[in-house]
Amino acid sequence: LPQAVVFDLDGVITDTAEFHFLAWQQLAEKLGICIDRAFNEQLKGVNRADSLTRILQHGGQADAYTPAQRQQFMTEKNELYRQLLANLSPADILTGILPLLADLRAAGCRIGLASVSENAPQVLASLGLCNWFDFCADARALTHSKPHPEIFLTACRGLGVAPAQAIGIEDAQAGIAAINASGMYSVGIGATLAGADYRLNHTGELAWPDLLAHWQAKQACP
Ligand code: G6P
Ligand code: MG
């Protein structure tokens, strides 16, 4: 049996990936930069500072601003994002997540969170999910953003589980890369993801018996 499952937050547990996009889009528009949902795929799983860098590069403004101005842009984006979070409630937990958490707990499988968002503790609290998690990686203590495996390795260490005995669930291409680089088994949520050990289109398709069967098949035939 796998000993732990580590979840990404935004876009896996709740649809806050859309809120991040809307907030960045509004900031980008102010700077005269147009971003769409296809471009946004490159921002998923990427921390705030690196996201801004990618947006400015995309708009041909890579060197246009001082560190203080960039800091101001990040603050503005975060304020827009936090306005969108204001009404977040347990009703916003995506389909399939609560039954999976319950099945994991019943199976004795540890549960972790690996989100590079500094807003993750608040999001988890608004969703009423804090008590389900045995360990949440602290985004502020990280050196690297996904696709670096640091956050997943930190989560495994915090859970006391070897990466090879753990499953990671992600909606971001950078997140799948991070899970794979950590040596964990990767589950991708989303039609366009590449490289996941097991890929689903939607969280509603997540089911513990299926997950277990696919994980076991990979152990038997790596
Ligand atoms: C997650 C999201 C990203 C977001 C990042 C930082 O990885 O997928 O879209 O940019 O967290 O979030 P924060 O709330 O710290 O700005
Ligand atoms: Mg995500």
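Before going into details, it helps to say that this report is about the structure given with it. Since the structure is predicted, the reported quantities are computational estimates derived from the model, not experimental observations.

Calculation criteria
Residues numbered from 1 in each chain as written. Chains lettered and ligands numbered in written order. Predicted model: local features only at pLDDT ≥ 70, side-chain atom pairs only at ≥ 80, totals over all residues. Heavy atoms only, no water. Helix = DSSP H or I, 4+ residues; strand = E, 2+ residues; numbered from the N terminus. Rg over C-alpha atoms; globule rule 2.2 N^0.38 Å. Buried < 20%, exposed > 50% of the residue type's maximum accessible area, 1.4 Å probe, protein only. Contact = heavy atoms within 4.5 Å. Areas by Shrake-Rupley, 256 points an atom, 1.4 Å probe, with all protein chains shown as cover. Lys, Arg positive; Asp, Glu negative; His and termini not counted. Charge placed at Lys NZ, Arg CZ, Asp CG, Glu CD. Near = heavy atom within 4 Å. Polar contact = N/O pair within 3.5 Å; in protein donor to acceptor, adjacent residues only side chain to side chain. Nonpolar A, V, L, I, M, F, W, Y, C, P; charged D, E, K, R; others polar. Pairing = 2+ DSSP bridges. Axes fitted to C-alpha atoms, helices over the stretch in contact; angles between N-to-C directions. Parallel < 35°, antiparallel > 145°, perpendicular 65-115°, else oblique.

Time to look at the overall build of the protein chain. The helix and strand tally for the protein chain stands at nine helices and six strands. Since a compact globule built from 222 residues should have a radius of gyration of about 17 Å, the 17 Å found for the protein chain is in line with a globular shape. Along the first, second and third principal axes, the C-alpha atoms of the protein chain reach 50 × 35 × 30 Å. In the protein chain, buried positions account for 48% of the 222 residues. Across the protein chain, contacts joining residues at least 24 apart in sequence account for 62% of those joining residues at least 6 apart. Working note: accessible area of the protein chain is about 10000 Å², and carbon and sulfur atoms make up 51% of it. Positive and negative side-chain charges in the protein chain, numbering 15 and 22 respectively, have mean positions lying 4 Å apart.

Attention now moves to the site of ligand 1. Near ligand 1, the surroundings consist of 13 residues, among which V46, R48, S117, E118 and N119 are the closest. E118 has a polar backbone atom sitting 2.7 Å from an oxygen atom of ligand 1. The side chain of N119 places a nitrogen or oxygen atom 2.7 Å from an oxygen atom of ligand 1. Contact with the protein chains removes 97% of the 390 Å² of surface that ligand 1 exposes when unbound. Considered class by class, the residues forming the shell around ligand 1 number three nonpolar, five polar and five charged.

A few words now on the pairing of strand 4 (residues 166-170). The two faces of a sheet get side chains in turn, since along a regular strand they alternate between them. Across the five residues that make up strand 4, a large majority, five, are buried. Burial along strand 4 is two-sided: the face carrying A166, G168 and E170 and the face carrying I167 and I169 are both buried. For strand 4 and strand 5 (residues 185-189), the ladder comprises four bridges, and the chain directions are parallel. Residue G168 lies in a different strand from strand 5, and its bridge partner there is S186.

Orientation of helix 3 (residues 48-58) relative to helix 4 (residues 67-85), taken along the N-to-C sense of each, is 110°, at an axis distance of 10 Å. Considered as vectors, helix 3 and helix 4 are oriented roughly perpendicular to each other. In contact with R48, A49, L52, T53 and L56 of helix 3, helix 4 contributes R70, F73, M74 and N78. Its residues assigned to classes, the contact of helix 3 with helix 4 comprises five nonpolar, two polar and two charged.

The next point concerns unusual backbone geometry. Omega for the bond connecting K146 with P147 falls within 30 degrees of zero, at 15°, which places this linkage in the cis form. For P147, the position within the fold is in the loop between strand 3 (135-136) and helix 7 (150-159).

In short, geometric facts, not functional conclusions.
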